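Residue-level structural notes
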Amino acid sequence: MTPVRIAIVTDAWSPQVNGVVRTLQSVRLELQRQGHEVLVISPELFYSIPCPTYPEIRLAFARTAAVGKMLAEFAPNAIHLATEGPVCLAARRWCLARGFPFTTAYHTQFPDYVSARIGIDPEWIWRYITWFHWPSQAVLASTASIAEALRDHGLTRIRSWGRGVDLTLFGPGVAPDPAIRALPGPVQLYVGRVAVEKNIEAFLETNQPGTKVIVGDGPARATLEARYPEAKFLGAKFGADLAAAYAAADVFVFPSKTDTFGLVMIEALASGLPVAAYPVTGPIDVLKPGVGVMDDDLDKAIAGALTLDRAACAAYGKGFTWETSTRQFLEALVPVGAEREAA
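What you are looking at is a predicted structure, and each value in this text was computed from that prediction instead of being measured. Residue positions are given per chain, counting from 1 as you read along its sequence in written order. Thresholds applied to this predicted model are a pLDDT of at least 70 for local features of residues and 80 or more for the giving and counting of side-chain atom pairs; totals over whole chains, interfaces and linings are not thresholded and use all residues. For side-chain calculations, the full set of non-hydrogen atoms in the structure is used, while hydrogens and water are omitted.

1. Topic: the pairing of strand E5 (residues 78–81)
Residues Ala78 and His80 point to one face of E5 and Ile79 and Leu81 to the other, with burial holding for every one of them. Only when DSSP finds a minimum of two bridges between them are two strands counted as paired. Secondary structure counts use DSSP, requiring at least four H or I residues in a row for a helix and at least two E residues in a row for a strand, with both numbered from the N terminus. When strand E1 (residues 5–9) meets E5, the two strands line up parallel, connected through 4 bridges. Its bridge partner lying in E5, Ile6 is registered against Ala78. In the sheet, E5 pairs with strand E6 (residues 103–105) via 2 bridges, with the strands oriented parallel. In the sheet register, Leu81 faces E6, and the bridge partner there is Thr104. At this point the chain moves from E5, through helix H3 (residues 86–98), to the parallel E6, and the crossover so formed is right-handed. Per-residue accessibility, obtained with a 1.4 Å probe over protein chains only, is compared with the maximum for each type, and a residue is labelled buried under 20%, exposed over 50%, and partly exposed between these values. By convention a crossover is right-handed if, when the strands point away from the viewer, the path from the first strand over the helix to the second runs clockwise.

Structure (structure tokens):
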């Protein structure tokens, strides 16, 4: 493919640590490896304030003119709005005012997250989500279940955009973290944000023997750490340290009921770690028999997952690559120049 200039506008970027950021960073690296030029417009370029109840997330005061100036100077061949926050709102206004086509993505079950935090009916938030994505030439969805949810709310221009694993980092041959491996087994591992919407308390309430290990940080950590002193809260881990944590565990527990995909699940699988989860969006699209167990009773899911073959898990996890994810992303993009010439 001829190299092109791609503008990615996002309200989620480093130093945030979450699946959206890791997805965008991984795809950007793959795009650059292929020779494409990528501009990322993110909150770090503007004055911002901490998000209420979630200070790790910054809300940027991004003026339409400022965002538009960046886009105009870059002169992209395609524009992608990755999130539904203020930076992307500014880009959205600028694109619509000038007739520039753009794509969007539905990364996060924002309606469910808001409901979990402050109790608002998710359908109220869905009105905003539908409004935001309505002018998009293509809404990128990570799974069939998410695509169905978007269609249920009136959005029909849906394109598939899967996720990948860094197979140079995560794999069955990684040396396990010795401190985690030395814990009483079986070691049950959670990786991700430590926040109310991740439903971690459901995992911490399970009754399986062994040790529960939490890798990650977030606003709920102090409360959960005090309430469940027998669990091991290790904070955030990255790169080789994270790969070693996966390698040291016996089962990966994914208690969230609000994720659109669950990037950590495929990292765990590629590491040879079976997955226990609820039968909800994310797990039902990612897992299959033999590599994960889904059950409304998380205790049963964990017990079942512990019996699965690690080699089969690793083989399945290797099927998720960032090369495939990036190809899907490129195929969904709408050329700015071609669209304007056609108009």
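2. Things to note about the packing of helix H1 (residues 19–33) against helix H15 (residues 322–332)
Lines fitted to the C-alpha atoms define the axes, with helices restricted to the stretch that makes contact. Angles between their N-to-C directions range from 0 to 180 degrees. Orientation of H1 relative to H15, taken along the N-to-C sense of each, is 85°, at an axis distance of 9 Å. Accordingly, the angle class assigned to the pair H1 and H15 is roughly perpendicular. Contact residues: Arg22, Thr23, Ser26, Val27, Glu30 and Leu31 in H1; Trp322, Glu323, Ser325, Thr326, Phe329 and Leu330 in H15. Put simply, angles under 35 degrees are roughly parallel, angles over 145 are roughly antiparallel, angles from 65 to 115 are roughly perpendicular, and the rest are oblique. Here, two residues are considered to be in contact whenever any of their heavy atoms come within 4.5 Å of each other.

3. Focus on the sheet that holds strand E2 (residues 37–41)
Taken together, 6 strands build an open sheet; the order of strands is E2-E1-E5-E6-E7-E8 and the sheet is parallel. Two strands in the sheet have a free side with no partner beyond their single neighbour: E2 and strand E8 (158–160). Strand-to-strand, the axes of this sheet are offset by a mean angle of 25°, without reference to chain direction. Alignment of E1 against E2, held across 5 bridges, turns out to be parallel.

4. Regarding the packing of helix H2 (residues 64–74) against H3
Two elements in contact, H2 and H3, have axes whose closest approach is 8 Å; the angle formed by their N-to-C orientations is 70°. Classified by the angle between their axes, H2 and H3 sit roughly perpendicular to one another. Handedness of the H2/H3 crossing: right-handed. Where H2 approaches H3, its residues Thr64, Val67, Gly68, Leu71 and Ala72 are matched on the opposing element by Val87, Ala90, Ala91, Arg93 and Trp94. All amino acids are sorted into three groups, where Ala, Val, Leu, Ile, Met, Phe, Trp, Tyr, Cys and Pro are nonpolar, Asp, Glu, Lys and Arg are charged, and the leftover types, Gly among them, are polar. When grouped by side-chain class, the residues that make up the contact of H2 with H3 number 7 nonpolar, 2 polar and 1 charged. Throughout, a crossing is termed right-handed when the near helix is turned clockwise from the far one, and left-handed when it is turned anticlockwise from it by less than a right angle.

5. Topic: the pattern of salt bridges
A pairing counts as a salt bridge when a side-chain nitrogen of Lys or Arg comes within 4 Å of a carboxyl oxygen of Asp or Glu. With the rule as written, the count across this model stands at 10 salt bridges. Notably, a salt bridge pairs Arg22 with Glu267, separated by 2.0 Å at the nearest N-O pair. In this pair, Arg22 is assigned in helix H1 and Glu267 in helix H11 (residues 263–270), connecting sequence segments 245 residues apart. Given the relative accessible area of 24%, Arg22 is considered partly exposed. Arg227 is the partner of Glu201 in a salt bridge, and the nearest nitrogen-oxygen pair spans 2.9 Å.

6. A look at the pairing of strand E12 (residues 251–254)
The two faces of the sheet receive side chains in turn, since in a regular strand these alternate between them. On E12, burial covers both faces: Val251 and Val253 on one face and Phe252 and Phe254 on the other are all buried. As defined by bridge partners, E12 adjoins strand E13 (residues 275–277) across 3 bridges and the pair is classed as parallel. Following the sheet pairing, Phe252 is matched in E13 by Val275.

7. Notes on the side chain of Thr104
With respect to the helices, strands and loops of the structure, Thr104 is situated in strand E6. For Thr104, a relative accessible area of 0% corresponds to the buried category. With residues up to four places along the chain from it excluded, the contact list for Thr104 reads His80, Leu81, Phe132, His133, Ser136, Ala138, Val139 and Leu140.

8. A look at unusual backbone geometry
Of note, the bond from Ser14 into Pro15 is cis; its omega dihedral lies within 30 degrees of zero at 15°. Assignment of secondary structure puts Pro15 in the loop between E1 and H1. The omega angle of the peptide bond from Gly185 to Pro186 is 0°, so this bond is cis rather than trans. Along the chain, Pro186 falls in the loop between helix H7 (178–181) and strand E9 (187–191). Positive phi values are uncommon outside glycine, yet Ala75 reaches one of about 50°. Assignment of secondary structure puts Ala75 in the loop between H2 and E5. The exposure class assigned to Ala75 is partly exposed, which follows from its relative accessible area of 37%. The phi angle at Asn199 is positive, at roughly 60°, despite the residue not being glycine. Here Asn199 lies in the loop between E9 and helix H8 (200–204). Note on Asn199: relative accessible area 24%, which makes it partly exposed.

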